[in-house]
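Below, each chain spelled out in residue letters.
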Amino acid sequence: MFRIRHAAAFAASLALALPAASWAQNDPTIGGDYVEVTSVTVDDGHDLDYISFLKDQWRSQNDYSKSQGWITGYEILGNVDKRPGEADLYLVRRFRSMPDGVEGDKRAATMRAHMAMSDAQMSAASGDRAKFRHIIGTQLLQVIAFK
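### Quick notes on the overall build of the chain
Right, so step 1: Helices and strands together make up the secondary structure of the chain, namely four helices and four strands.
Right, so step 2: Listing the helices and strands of the chain from first to last along the sequence gives α-β-α-β-β-α-α-β.
Right, so step 3: Across the 147 residues of the chain, 24% fall into the buried class.
Right, so step 4: Considering only contacts within the chain whose residues lie at least 6 apart along the sequence, 72% involve residues at least 24 apart.
Right, so step 5: Roughly 10,200 Å² of accessible area belongs to the chain as shown, and the carbon and sulfur atoms make up 58% of that amount.

### Things to note about the nonpolar core
Right, so step 1: Val40, Val42, Tyr50, Phe53, Leu54, Trp58, Leu89, Leu91 and Phe132 together form the largest nonpolar core, which totals nine residues.
Right, so step 2: At four residues, the largest contribution of residues to this core is made by helix H2 (residues 47–67).
Right, so step 3: Listed in part, the seven residues of the second largest apolar core include Trp70, Met111, Met115 and Ala125.

### Brief notes about the sheet that holds strand S4 (residues 133–146)
Sheet strands associate in pairs through backbone hydrogen bonding, adopting either a parallel or an antiparallel arrangement.
Right, so step 1: In spatial order, the strands read S2-S3-S1-S4; together these four strands make up an open sheet with antiparallel pairing. Each of the sheet's edge strands pairs with one partner strand only, and the pair in question is strand S2 (73–78) and S4. Looking at each pair of strands side by side, their axes are set apart by 20° on average, direction ignored.
Right, so step 2: The sheet strands contacting H2 are strand S1 (29–42), S2, strand S3 (89–95) and S4, and the helix crosses S3 at an angle near 0°.

### Side note on the side chain of Thr38
Right, so step 1: With respect to the helices and strands, the residue Thr38 is situated in strand S1.
Right, so step 2: A residue is classified by how much of its surface remains accessible, and Thr38, at 12% relative accessible area, is buried.
Right, so step 3: If we skip the residues at most four places from it in the chain, Thr38 touches Leu89, Tyr90, Leu91, Ile135, Gly137 and Thr138.

### Some details on the environment of Lys55
Right, so step 1: Locating Lys55 in the fold gives a position in helix H2.
Right, so step 2: A polar side-chain atom of Lys55 sits 3.5 Å from a polar atom in the side chain of Asp56.

### Some points on the pattern of salt bridges
Side-chain pairing between opposite charges can occur once the charged atoms of the two side chains come close.
Right, so step 1: By the definition in use, this model includes eight salt bridges.
Right, so step 2: Across the salt bridge formed by Lys82 and Asp88, the nearest N and O atoms sit 2.8 Å from each other.
Right, so step 3: When the shortest N-O distance is used, the salt bridge between Arg83 and Glu86 registers 2.6 Å.

Thresholds applied
Residue positions are given per chain, counted from 1 along the sequence in the order it is written. Side-chain atom pairs in this predicted model are given and counted only at pLDDT of 80 or more, local residue features only at pLDDT of at least 70, and totals for whole chains, interfaces and linings cover all residues. Water and hydrogen atoms were dropped before computing side-chain values, which therefore reflect all heavy atoms in the structure. A run of DSSP states H or I qualifies as a helix once it reaches four residues; a run of E qualifies as a strand once it reaches two. Both are numbered from the N-terminal end. Three exposure classes are used, based on accessible area relative to the maximum for each residue type with a 1.4 Å probe and protein chains only: buried under 20%, partly exposed in between, and exposed over 50%. Should any heavy atoms of two residues lie within 4.5 Å, those residues are considered in contact. Residue exposure ignores everything except the shown protein chains as possible cover, and the areas themselves are Shrake-Rupley values with a 1.4 Å probe. In this description, a nonpolar core means a group of buried Ala, Val, Leu, Ile, Met, Phe, Trp, Tyr and Cys residues linked to one another through side-chain atoms lying within 4.5 Å. Should DSSP find at least two bridges between two strands, the strands are taken to pair. To get an axis, fit a line to the C-alpha atoms, keeping to the stretch in contact for a helix; angles then go from 0 to 180 degrees between the N-to-C directions. In the analysis that follows, any N or O atom pair within 3.5 Å is treated as a polar contact, provided that within protein one partner can donate a hydrogen and the other can accept it, and provided that, for residues neighboring in sequence, both atoms belong to side chains. By convention in these notes, a salt bridge is any Lys or Arg side-chain nitrogen within 4 Å of a carboxyl oxygen on Asp or Glu.

As structure tokens, then:
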């Protein structure tokens, strides 16, 4: 009796697994680059302050990240027809894969050296920007490409 029940359970699990396996073989898509989109609002009267930060420090960090192969590209999108509750700007970064913890720590140390700033200095600078710049959300998306 145990053998029959065991065989039936195996057959049932195989029946459930086969449609998924055949679907995976026929999936016409493949995951591409990751796209990180950060939504930002800027208080009235501080557009130039924040754009200056983006032009200098943010661009320097992203140019360096791109030169290291950590990201494949970046851009800033302005919300032309902004509705209430929406962001003023969208900061976009593209990359092929997520670093693990050890690699992330290595990259952070390399970036601190490149920017010639300590963690405390970077945190203080972010705090200063938070007085007029507000991150209202971040999304991590993945490009879905056809095979």
